[in-house]
Amino acid sequence: MQVNLDDLMGFGEVCEMTGKTKGYIQEYMRRGTFPEPIKRLSCSPLWLREQIQDWIDTPRPRGRKPKTDLE
């Protein structure tokens, strides 16, 4: 796969593009609701600009999910 280096993004670029903090992005990664990076380096994961733009363009429900009663 040929990748244009200008299309690679680390946390700094992702935060700037999304307007979200690194903590927010990490939480959504932990929940599995953020795109999987194409590569994980020791300093930062890397995404393609297209992955992040797709995530931004995808509608997501707002607010918290209602808690379910497990009893």
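For the structure, see preceding data.
Along each chain, residue indices are assigned from 1 in the same order as the chain's sequence is written. Reporting of local features is limited, given that this is a predicted model, to residues whose pLDDT is at least 70; pairs of side-chain atoms are given and counted only at 80 or more, and all residues count toward the totals for whole chains, interfaces and linings. The side-chain figures draw on all heavy atoms in the structure; neither hydrogens nor water molecules are used.

1. Focus: the sheet that holds strand 1 (residues 8–9)
Rules: By this definition, two strands are paired if DSSP reports at least two bridges between them. By definition, any uninterrupted DSSP run of H or I lasting at least four residues is a helix, any uninterrupted run of E lasting at least two residues is a strand, and each is numbered from the N terminus. Contacts are assigned to residue pairs that have any heavy atoms within 4.5 Å of one another. Convention adopted: a line fitted to C-alpha atoms gives each axis, helices being fitted over their contacting stretch, and angles between N-to-C directions are expressed from 0 to 180 degrees.
Ordered by their spatial adjacency, three strands build an open sheet running 1-3-2, and the pairing between neighbours is antiparallel. Across the chains shown, the open sheet's two edge strands, defined by having one partner strand only, are strand 1 and strand 2 (39–40). The sheet contact formed by strand 2 and strand 3 (residues 45–48) spans two bridges and is antiparallel. Along strand 3, the bridge assignment pairs Lys 39 with Leu 46. Strands strand 1 and strand 3 of the sheet are contacted by helix 3 (residues 49–57), whose axis makes an angle of about 75 degrees with strand 3.

2. Things to note about the packing of helix 1 (residues 11–18) against helix 2 (residues 22–31)
Using the following cut-off: Working rule for angles: under 35 degrees goes down as roughly parallel, over 145 as roughly antiparallel, 65 to 115 as roughly perpendicular, anything else as oblique. When residue character is reported, Ala, Val, Leu, Ile, Met, Phe, Trp, Tyr, Cys and Pro are called nonpolar, Asp, Glu, Lys and Arg charged, and the others, Gly included, polar.
Running from N to C, helix 1 and helix 2 point in directions that differ by 100 degrees, and their axes come no closer than 9 Å. Put simply, helix 1 runs roughly perpendicular to helix 2. The residues of helix 2 that touch helix 1, namely those facing Phe 11, Val 14, Cys 15 and Thr 18, are Lys 22, Ile 25, Gln 26 and Met 29. Its residues assigned to classes, the contact of helix 1 with helix 2 comprises five nonpolar, two polar and one charged.

3. Overview of the pattern of salt bridges
The condition is simple: Any Lys or Arg side-chain nitrogen located within 4 Å of an Asp or Glu carboxyl oxygen qualifies as a salt bridge. Relative accessibility thresholds used throughout: buried, under 20% of the residue-type maximum; exposed, over 50%; partly exposed, between the two (1.4 Å probe, protein chains only).
Scanning all chains against the criterion turns up three salt bridges. Here Glu 36 and Arg 40 are joined by a salt bridge, their closest N and O atoms 3.0 Å apart. Arg 40 carries the same exposure label as Glu 36, and that label is exposed. Through salt bridges with shared partners, one network takes in Glu 27, Arg 30 and Arg 31.

4. Some thoughts on the nonpolar core
So the rule is basically this: In this text, buried Ala, Val, Leu, Ile, Met, Phe, Trp, Tyr and Cys residues form a nonpolar core when linked through side-chain atoms within 4.5 Å.
By size, the foremost hydrophobic cluster in this structure holds nine residues: Met 9, Phe 11, Val 14, Cys 15, Ile 25, Phe 34, Trp 47, Ile 52 and Trp 55. Put simply, the parts of the chain that give this core at least two residues each are helix 1 and helix 3. Ranked by the residues each element gives to this core, the list is headed by helix 1, at three residues.

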